[in-house]
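Summary of structural features
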Amino acid sequence: MISTNQRFYGEVVEGLSATPKYLQSKYFYDKNGDDLFQRIMRCPEYYLTRCEEEIFSLQSHDIAGSVKSYLKDFEVIGLGAGDGSKSAYLLKEFLNQKLADTYYPVDISANIIQLLEENIPKDIVGLKVKGFHGEYIEMLRNIRQFSNKRKIIFFLGSNVGNYRPDQAIRFCCEMHECMNAGDLLLIGFDLKKNPQVILDAYSDKQGLTKDFNLNLLTRINRELGGNFKLGNFDHYAMYDPVSGACKSFLVSLKNQQVKMGSDFSADFSPNEIIQMEISQKYSIEAIDVLAERSGFKVLGKFYDSKKWFTDCLWQKV
Ligand SMILES: C[S@@+](CC[C@H](N)C(=O)[O-])C[C@H]1O[C@@H](n2cnc3c(N)ncnc32)[C@H](O)[C@@H]1O
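Keep in mind it's a predicted model, so treat the numbers as computed, not measured. (Residues numbered from 1 in each chain as written. Predicted model: local features only at pLDDT ≥ 70, side-chain atom pairs only at ≥ 80, totals over all residues. Heavy atoms only, no water.)

1. Considerations on the sheet that holds strand E12 (residues 273–280)
- Reading across from one edge, E1-E12-E9-E8 is the order of the four strands in this open sheet, with mixed pairing throughout. If you trace the sheet from one side to the other, it starts and ends with strand E1 (21–22) and strand E8 (233–240), each paired once.
- Inspection of the sheet shows strand E9 (residues 245–252) paired to E12 by seven bridges, in the antiparallel sense. Following the sheet pairing, Ala245 is matched in E12 by Gln280. (Pairing = 2+ DSSP bridges. Helix = DSSP H or I, 4+ residues; strand = E, 2+ residues; numbered from the N terminus.)

Here's what the structure looks like:
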């Protein structure tokens, strides 16, 4: 079996050898990346967290009511759980209504899993928490072997937007394969809206998104023996309102060679980009097509008051 570090190294080499160059955004989340993302969630331009938090703070009772009509005694999986602050509203509701008393957060960040295992049982007394550190689908398979109870998966925060639409279909099909018929999925989507509002969320004035992107270069330097000079790269975000793709790039400011250990180097010309992250925005029609193509039945949709974000309840049929 290959180690996490070998996989990280292999995928960075693959991305920096491609044309155009890319790095996978799942590697943003080391301890510093987690902290930066939590600061992004609180920054004025990043509306996504506030919208989804409004949904959970005001509608958890209604969401639990819908869930209850399909599942009565179940366990909760938090896929890409992050700080878990929004999930906590619904987890409390499930516990109070005696619907679920077990939560399995899944995250690629070991730091996040450790924090959740420490903090959630203090915040939600009576909830059993067992974290799974690793990648989404591998961990869903592990959880399936670990417990065969009915499940609801939370896939919140528009994490699905980190896949291109064609990849999102494949990913939802893979999730579907890891579920039993009748299991539920609560999945968050950021909706298409005024393009400037979207672009501002990914190019905040404090420069947190820039730091978040550059932090991956720092991580490569530290963990893989890289020698990226952060001052030689700038951050650039763009949003295409037709496709709904919001993309983040790092831009090389000069001719430079970057080494990683003694065996790998990548040459950059001035203005050459590294593709860092996609955050896909959806129309309601596109969400319904995604559900249908990946084998889910749409049971309900919950919106914030501006209708900028939706959490959808799907069922595996
Ligand atoms: C954008 S944050 C959102 C967190 C949370 N869902 C929320 O709404 O606040 C994405 C989270 O997913 C995790 N993540 C990203 N890619 C992952 C992958 N391939 N497998 C497991 N976790 C992943 C990250 O570590 C991070 O905690």
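2. Here we look at the pattern of salt bridges
- Applying the stated rule across the entire model yields 20 salt bridges.
- With its nearest N and O atoms 3.3 Å apart, the salt bridge here joins Lys210 to Asp234. Separated by 24 residues along the polypeptide, Lys210 in helix H9 (residues 208–224) and Asp234 in strand E8 bring together distant segments of the chain.
- Using a relative accessible area of 31% as the deciding quantity, one classes Lys210 as partly exposed.
- Linked through salt bridges whose partners overlap, the residues forming this network are Arg7, Glu11, Lys26, Glu135 and Glu138. (Salt bridge = Lys/Arg side-chain N within 4 Å of Asp/Glu carboxyl O. Buried < 20%, exposed > 50% of the residue type's maximum accessible area, 1.4 Å probe, protein only.)

3. With respect to the environment of Asp234
- Overall, Asp234 belongs to the partly exposed group, its relative accessible area being 31%.
- The sequence separation of Asp234 and Leu250 amounts to 16 residues, and the corresponding C-alpha distance is 5.5 Å.
- Ignoring anything within four residues of it in the chain, the contact list for Asp234 reads Lys210, Phe249, Leu250, Val251 and Leu253.
- For Asp234, the side chain forms a polar contact with the side chain of Lys210, separated by 3.3 Å. (Contact = heavy atoms within 4.5 Å. Polar contact = N/O pair within 3.5 Å; in protein donor to acceptor, adjacent residues only side chain to side chain.)

4. Focus: the domain arrangement of the chain
- Taken as a whole, the chain is organised into domain 1 (4–44 + 196–280) and domain 2 (47–193 + 282–316).
- Look at where the C-alpha atoms of domain 1 and domain 2 centre, and you get two points 27 Å apart.
- Contact with domain 1, which involves 23 residues of that partner, is made by 23 residues of domain 2.
- Together, the buried faces of domain 1 and domain 2 total about 1900 Å²; carbon and sulfur atoms form 50% of this surface.
- For domain 1, the biggest contributors to the area lost against domain 2 are Met41, Ile278 and Gln280; these three give 31% of the whole.
- Where domain 1 packs against domain 2, one counts three salt bridges.
- Of the charged contacts in the structure, one is a salt bridge between Arg7 and Glu135, with a shortest N-O distance of 3.3 Å. (Domains from an automatic or database assignment. Buried area = accessible area lost by both parts, 1.4 Å probe.)

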